[in-house]
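Per-entry structural report
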Amino acid sequence: MSPDVRTTRSTCPYCGVGCGVLIDATGAGAQAQMVGVRGDPDHPANFGRLCTKGSTLHLTATPVVRAHQRLLQPAWRATRDAPLQPLDWDTTTQRIADRLLAIRAEHGPDAIGFYISGQLLTEDYHAFNKLARGLIGTNNIDSNSRLCMSSAVVGYKQSLGADAPPTCYEDLEQTDCLFIAGANTAWAHPVLFRRIEAARAARPGMKVIVVDPRRTETAEFADLHLALKPGSDVALFHGMLHAAIWEGWIDAAFIARHTSGFDALKALVRTMTPAESARLTGLKETDILQAAQWFAQSPSTLSLYCMGLNQSSSGAAKNTALINLHLATGQIGRAGAGPFSLTGQPNAMGGRESGGMATLLPGHRDPGNAVHREEVAAMWGVDALPERPGKTAVELFQAAARGEVKALWIACTNPAQSMPDQALVRAALERCELVILQEAFAGTATAAFADVVLPAATWAEKEGTVTNSERRISRVRAALPAAGESRADWRIVRDVARRVEAALRPTKPSLFAWEREEQLWLEHREATLGRDLDIGGLSYPMLEESPRQWPWPVGADAAKARLYEDGAFAHVDGKARFITKPFAATAEVQDAKFPLALSTGRLRDQWHGMSRSGTVAKLFAGEPGPALTMHPQDMDRRGLKAGALVRVRSRRGEVIVPLRSDDGAGAQQAWLPMHWGSEFLGGRGLSGINALTQSASCPDARQPELKFTAVAVEAVDLPWRVFGAAWIGPGEGAALRSRLRALMAEADYACCLPGPAQEARGTQQGSGGLEGWSLELAFAEPPPAAVVQALAAVLQLNGVGVLRYADGRRGRSRSLRLDGEGADARLQALMRVGEGGEAAWLDALWRERTPVAPFGRRLLAPDAEQPAAAASPQVCNCFNVREDAIAACLRRQPDAAPEARLASLQGELRCGTQCGSCLPALRRLVRTVGPTTSAASSSLPSIPVMPVSNQVKEPI
């Protein structure tokens with residue numbers, strides 16, 4: 001490595017695995033630049049591994065991204081329909097303080113709400129919490145962790161007495177039975193899945209059970225896949241418990257010594273026989289019995305669970321029903337055994353520790369407990385904390401829609417994309433008198449509703465701490481100065497708070513006398529003393545040395561890797577509690593009008609609303625656009641065709657989206673990735689995927705049921721298409737994106753996407769550094785001339801030097817601009833208008849930066865046949881390896897053992913040798929693609945593709 005490259009240890013800002021990263025950067029001050037990111041081999045969460053998102057983190061902080069896709073200075077708009085105008089920090093901060101004080105004086109403190117994020121650092125969480133509760137005087141502070149982790153919090157507290165995952169990552173290597181429920185670990189937590197793959201290879205006798213309605217890549221890895229009906233998890237767990245009791249597989253001695261409430265639970269599950277469980281879940285009775293036997297009788301059983309259990313109107317019941325199984329069989333408190341909730345966001349755990357949710361106080365305290373409120377008030381130096389219960393996420397926006405909450409301060413999250421029932425959320429934002437958006441990236445959907453935007457520093461620019469899924473605290477460190485005028489989140493809060501307290505506490509010491517991150521962390525540490533998460537024995541210098549797990553009280557030499565090893569739980573009596581909650585159906589049901597069960601989930605290479613990951617065009621290569629997946633039989637019954645646009649309707653809204661066939665989907669089910677908000681997918685009156693989802697929530701956890709929505713799917717007749725795209729120079733992409741997005745509301749369907757990353761195509765000349773964006777529009781009637789003209793103007797296809805073809809009688813037209821000359825000429829920009837997929841093969845020439853000389857006159861011919869075949873889907877993002885190349889390689893190999901074929905494939909093409917995220921897909925191809933002499937080689941597995949206008953094509 002060059003001697004002028006400095007390396008900074010930090011932590012990945014994506015999921016809750018908490019991977020350590022090494023950031024390589026050069027230069028100083030304004031000249032500082034990141035040149036790469038590597039996995040930290042010394043970090044115990046990942047030992048150097050990174051997934052596709054983590055390994056491309058440096059591309060989210062390039063000079064181009066930092067200069068053109070970030071919010072760089074504060075801005076305020078005079079009215080909602082006016083543009084944001086830049087404003088200096090001092091004026092902005094004072095104006096926010098004045099507005100908050102005025103609203104508080106007129107309507108009371110509960111007219112103000114804070115909606116924050118599991119991607120904030122623990123220090124940021126502490127600052128917001130102290131401002132809301134200690135100064136403003138409201139409990140109306142909640143986090144987007146409400147959408148992912150609140151059911152797990154409640155489950156742990158009800159069953160075990162504290163919100164403390166009792167296991168650790170080492171248990172993955174030591175378990176004999178891995179029970180994965182409601183989690184597609186291969187995609188959502190890829191680095192942990194690498195550990196699972198390695199553990200199974202080292203211990204072939206380990207059993208893997210996966211509970212998921214879909215046959216995901218995680219399910220394909222399982223010895224037993226329980227493809228249950230959506231929402232029926234409690235019936236499954238109760239049926240397994242019934243079987244364990246009946247067969248004598250429970251640990252009666254453990255139950256007697258360390259638990260309470262078993263008799264009531266036993267009475268509840270008496271009627272939930274495996275046969276009844278099979279009826280409710282749609283599973284085979286023999287599979288339920290097999291799962292129960294492996295779970296109970298394995299020497300150790302570890303469960304992993306995530307959104308499939310949490311995002312439910314029975315979220316807490318699902319969590320406690322699974323924990324009941326662990327308690328009844330004694331599978332807890334020892335190596336390789338226990339219930340392990342996988343955290344969704346990088347610091348959702350830190351937010352729980354610091355009390356950054358309406359239902360929590362710092363140090364795992366309860367805001368409904370007067371003693372707990374008094375303890376926190378004393379630590380903070382305030383007279384009292386508010387008593388009135390705070391509004392959780394959905395309740396907060398419902399109150400704003402009713403006009404009760406007048407001001408919303410939103411930080412590091414994008415509710416106009418991620419919250420359910422978007423019609424209600426957007427109505428709430430429109431009605432608020434003051435919407436403050438504290439955000440790092442420009443162009444989020446929520447920014448359109450903000451009165452003021454505050455530019456926040458982000459990953460690689462911030463200092464502080466995060467806590468991962470196994471209770472491990474890691475340092476986040478800055479490798480670059482903050483972009484533009486952006487500031488650390490805690491500092492933004494501090495500066496507003498000091499102005500507010502000057503009016504509310506004029507003669508008292510400041511509550512916000514912080515000058516560095518460590519001061520906030522020390523206050524947070526104080527709140528943990530004597531609690532289950534006690535970190536009194538830790539310090540910033542110790543965390544500088546290495547990440548540490550809690551609890552770590554004063555005098556401790558090490559953390560407890562596993563909790564409850566002595567059988568003493570966190571309830572007052574020291575016993576765990578069996579929670580007796582009956583199976584309940586989903587909040588809404590399928591019927592003749594809405595016959596399909598829709599679930600949402602994550603893609604392997606994207607993150608949440610894509611405000612960060614969406615800046616990396618390379619991450620769109622595996623999944624280039626939105627699509628709804630359904631089982632082919634359900635499609636056939638409805639006369640639906642793969643690649644066609646369909647309308648998906650729920651009781652709240654609708655979305656239009658391309659359709660894919662997926663043999664892994666369950667009967668009468670459909671699936672959509674959660675990431676596609678109105679920034680990428682829309683049309684006239686449409687607002688992205690969460691227009692469909694429901695705000696009905698778990699009564700205990702207040703977590704909405706994002707995993708189940710009753711929908712109808714029907715064909716939509718939008719034969720007229722307009723497609724426009726352009727490659728532009730570095731730094732110009734954000735402006736082009738903005739202009740294209742402005743046209744999305746003009747069509748019945750619209751999809752705005754980045755072009756594939758050209759740095760991944762190093763063999764193509766002239767492509768390095770370009771940015772590309774495309775817009776597809778669909779209409780029921782010929783598109784309005786004004787829309788076509790506007791798009792041509794955006795793409796600069798209305799001047800000289802443009803190749804044109806037009807057929808006014810049939811409504812067809814093409815406009816092309818080339819860059820380069822002769823044999824090296826390529827499409828720089830294009831626009832085509834027509835019915836169906838007319839001339840759609842041109843899109844691929846643009847995407848692939850393919851020389852156009854071989855196509856000659858066909859570029860503008862009236863009825864040119866498509867001269868290119870659809871490109872094979874990309875499998876390996878790291879090395880840009882597509883499925884056809886993998887299949888060809890496998891066909892050349894002899895018929896050998898699967899692992900030998902995989903090793904040979906990796907040796908030849910390198911796929912799966914870097915981040916490893918594509919390994920599940922590679923293993924599937926190894927199983928299904930045989931050598932040329934084998935009958936298995938007759939065809940590839942069916943891989944759904946995008947509609948013709950979205951396909952990537954290559955010349956023959």
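Residues numbered from 1 in each chain as written. Predicted model: local features only at pLDDT ≥ 70, side-chain atom pairs only at ≥ 80, totals over all residues. Heavy atoms only, no water.

Moving on to the side chain of Gln669. Of note, Gln669 is situated in strand β25 (residues 669–673). In this structure Gln669 touches Pro213, Leu228, Pro230, Leu596, Ala597, Thr629, Met630 and Asp634, once residues within four positions along its chain are discounted. (Helix = DSSP H or I, 4+ residues; strand = E, 2+ residues; numbered from the N terminus. Contact = heavy atoms within 4.5 Å.)

So, on to the sheet that holds strand β18 (residues 472–476). Overall, antiparallel pairing links the 3 strands, which are arranged β17-β18-β19 in an open sheet. If you trace the sheet from one side to the other, it starts and ends with β17 (464–467) and β19 (548–549), each paired once. Inspection of the sheet shows β17 paired to β18 by 4 bridges, in the antiparallel sense. Bridge pairing in β18 links Val466 to Ser474. (Pairing = 2+ DSSP bridges.)

Glancing now at the side chain of Thr343. Residue position: Thr343 is located in the loop between β13 (338–341) and α17 (348–353). Look at Thr343 and you get buried, because its relative accessible area is 0%. Other than its neighbours up to four places away in sequence, Thr343 contacts Gly16, Met149, His189, Ala348, Met349, Arg352, Asn468 and Ser469. (Buried < 20%, exposed > 50% of the residue type's maximum accessible area, 1.4 Å probe, protein only.)

So, about helix α22 (residues 489–504). Each α-helix turn comprises 3.6 residues. Residues three or four places apart therefore point the same way. Between its first and last C-alpha atoms α22 spans 22 Å; for 16 residues at 1.5 Å apiece the expected length is 22 Å, and the two agree. Buried within α22 we find Asp489, Trp490, Ile492, Val493, Arg494, Asp495, Val496, Ala497, Val500 and Glu501. Looking at the buried positions of α22, the neighbouring elements they touch are α3 (89–107), α4 (122–136), β14 (407–411), β15 (434–439), β16 (452–455) and α23 (517–528). (Expected span 1.5 Å × (residues − 1).)

The linkage connecting Trp550 with the following residue, Pro551, adopts the cis geometry, with an omega of 5 degrees. Here Pro551 is to be found in the loop between β19 and β20 (576–577). At Cys412, a position not held by glycine, the phi torsion is positive, near 60 degrees. Of note, Cys412 is situated in the loop between β14 and α20 (415–418). For Cys412, a relative accessible area of 23% corresponds to the partly exposed category. With a phi close to 70 degrees, Arg471 is a non-glycine residue in the positive phi region. Structurally, Arg471 can be placed in the loop between β17 and β18. In this structure Arg471 comes out as buried when scored by relative accessible area, which is 0%.

Next up on the list: the environment of Ala726. Structurally, Ala726 can be placed in strand β28 (residues 720–728). Using a relative accessible area of 3% as the deciding quantity, one classes Ala726 as buried. The spacing of Ala726 and Ala829 is 103 residues in sequence and 4.0 Å in space, taken between C-alpha atoms. Excluding residues that lie within four positions of it along the chain, Ala726 makes contacts with Leu736, Glu771, Gly772, Trp773, Leu795, Gln828, Ala829 and Trp846.

In space, the 3 strands of this open sheet follow the order β1-β2-β3, with antiparallel pairing throughout. Strands at the two margins of the open sheet, each flanked by one partner only, are β1 (6–11) and β3 (33–39). Across the sheet, the axes of successive neighbouring strands diverge by a mean angle of 30 degrees, strand direction being ignored. Judged from the 6 bridges that link them, β1 and strand β2 (residues 20–26) form a sheet pairing that is antiparallel. Across the sheet, Ser10 pairs through a bridge with Val21, a residue of β2. (Axes fitted to C-alpha atoms, helices over the stretch in contact; angles between N-to-C directions.)

What follows covers the confidence of the model for the protein. Per-residue pLDDT for the protein averages 94, and the proportion of residues at 70 or more is 96%. Note that pLDDT drops below 50 for residues 759–767; the model gives that stretch 16 contacts with residues more than four away or on any other chain. A low-confidence stretch, residues 934–956 (pLDDT under 50), is modelled with 78 contacts involving residues beyond four sequence positions or located in other chains. (pLDDT = per-residue confidence, 0-100.)

Relative to the helices and strands, Thr629 is located in strand β22 (residues 628–630). Considering only alpha carbons, one finds Thr629 and Ala384, 245 residues apart in sequence, at a separation of 52 Å. Once residues within four sequence positions are removed from consideration, Thr629 is found in contact with Arg660, Asp662, Gln669, Ala670 and Trp671.

What follows is about the nonpolar core. The biggest cluster of nonpolar side chains holds 108 residues, and the ones touching the most others in it are Leu304, Leu628, Met630, Val648, Trp676, Val713 and Leu740. Those residues in contact with Met630, other than ones at most four positions away along the chain, are Leu596, Met635, Arg638, Leu640, Leu659, Arg660, Ser661, Asp662, Ala665, Gln669, Ala670 and Val713. Residues Leu228, Ile473, Tyr564 and Ala576 belong to the second largest nonpolar core, which totals 60 residues. (Core = buried A, V, L, I, M, F, W, Y, C linked by side-chain atoms within 4.5 Å.)

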